[in-house]
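# Structure at a glance
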Amino acid sequence: MATIRLGDKAPNFTADSSIGKINLYDYLGDSWGILFSHPADFTPVCTTELGTAAQFKGEFDKRNVKMIALSVDGAASHLEWIKDINEVQKTNVEFPIIADEDRKVSDLYDMIHPKADSTLTVRSVFIIAPDRTVKLMLTYPASTGRNFYELLRVIDSLQLTANHKVATPANWKNGEDVVVSPAISTEDAKQMFTKGVKEVKPYLRMTPDPTL
């Protein structure tokens, strides 16, 4: 089984889902994507996660991001589970949940870690750019729910740094100052970033968010 690394092409697949058969690339189109796996249907932490993801849909839409969940149970089970999610989380799950009973997608993305559980997927997250490359991977244990505020923060960083010669510092949030790329001299940076460049150290230069 090939290991997926940052910058690799996200493996394409066609699979059944809660909204019918879908192809990953066709579904994403020219959007960014988040593919996230869940150990099983009707599990408590997953119920809160999928409900939260649905509540965040407007924020992901603003960023041109489509969500795709995955569980090793079947599509009919997913549909029953979605009823529970909508009820207890007061939301409406509209994004697809992949039915991966044969574990094909789970194996393709190395979502099953046998030392954690030999049959259920861990809580994997893959952020996929419009060019189909993998930009971020996170792996949580089954017992720990994901932080969707962090996923939004990471997407903001990925989209900003894809278009500007900057990086984002620790705990950065959208709109805060960013780090000038080390590949740019301070002289060039001052011409490029007209809102100002603060040199903390020769290798650490800060500038306001260039998109604001």
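The paragraphs below set out a description of the structure included in this document.

### Structural notes on the sheet that holds strand E10 (residues 198–201)
With antiparallel pairing, the 4 strands of this open sheet are ordered in space as E8-E9-E11-E10. A strand with exactly one partner marks an edge of an open sheet, and here the two such strands are strand E8 (166–167) and E10. As paired strands, E10 and strand E11 (residues 204–207) are joined by 3 bridges and run antiparallel to one another. The residue of E11 that forms the bridge with glutamate 199 is arginine 205.

### Focus on the sheet that holds strand E3 (residues 32–38)
Read from one edge of the open sheet, 5 strands run E5-E4-E3-E6-E7, paired in mixed fashion. Bordering the open sheet on either side are strand E5 (97–99) and strand E7 (134–140), each of which pairs with just one other strand. Each strand of the sheet is rotated relative to its neighbour by a mean of 20°, with strand direction disregarded. Relative to strand E6 (residues 123–128), E3 is paired through 4 bridges, and the arrangement is antiparallel. Pairing of isoleucine 34 across the sheet is with isoleucine 127, part of E6. Sitting on the sheet, helix H2 (residues 44–55) is in contact with E3, strand E4 (65–71), E5 and E6, with an inclination near 165° to E3.

### Structural notes on the packing of aromatic side chains
The full count for this structure, using the stated rule, is 8 aromatic pairs. Taking the centre distance of 5.0 Å and the plane angle of 70° together, the rings of tyrosine 109 and phenylalanine 126 count as edge-to-face. Of this pair, tyrosine 109 sits in the loop between helix H5 (104–108) and E6 while phenylalanine 126 sits in strand E6, and the two are 17 residues apart along the sequence. You can call tyrosine 109 buried: its relative accessible area is 2%.

### Let's talk about a negative patch on the surface
Residues Asp16, Glu101, Asp102 and Asp107 make up a contiguous surface patch of negative charge. Its place among the elements puts aspartate 102 in the loop between E5 and H5. For aspartate 102, a relative accessible area of 49% puts it in the partly exposed group.

What counts, and where the lines are drawn
Residues numbered from 1 in each chain as written. Predicted model: local features only at pLDDT ≥ 70, side-chain atom pairs only at ≥ 80, totals over all residues. Heavy atoms only, no water. Pairing = 2+ DSSP bridges. Helix = DSSP H or I, 4+ residues; strand = E, 2+ residues; numbered from the N terminus. Axes fitted to C-alpha atoms, helices over the stretch in contact; angles between N-to-C directions. Contact = heavy atoms within 4.5 Å. Phe/Tyr/Trp six-rings, centres within 6.5 Å; stacked < 30°, edge-to-face > 60°. Buried < 20%, exposed > 50% of the residue type's maximum accessible area, 1.4 Å probe, protein only. Patch = residues over 30% accessible without salt bridge, like charges linked within 9 Å, V, L, I, M, F, W, Y side chains within 5 Å. Areas by Shrake-Rupley, 256 points an atom, 1.4 Å probe, with all protein chains shown as cover. Salt bridge = Lys/Arg side-chain N within 4 Å of Asp/Glu carboxyl O. Lys, Arg positive; Asp, Glu negative; His and termini not counted. Charge placed at Lys NZ, Arg CZ, Asp CG, Glu CD.

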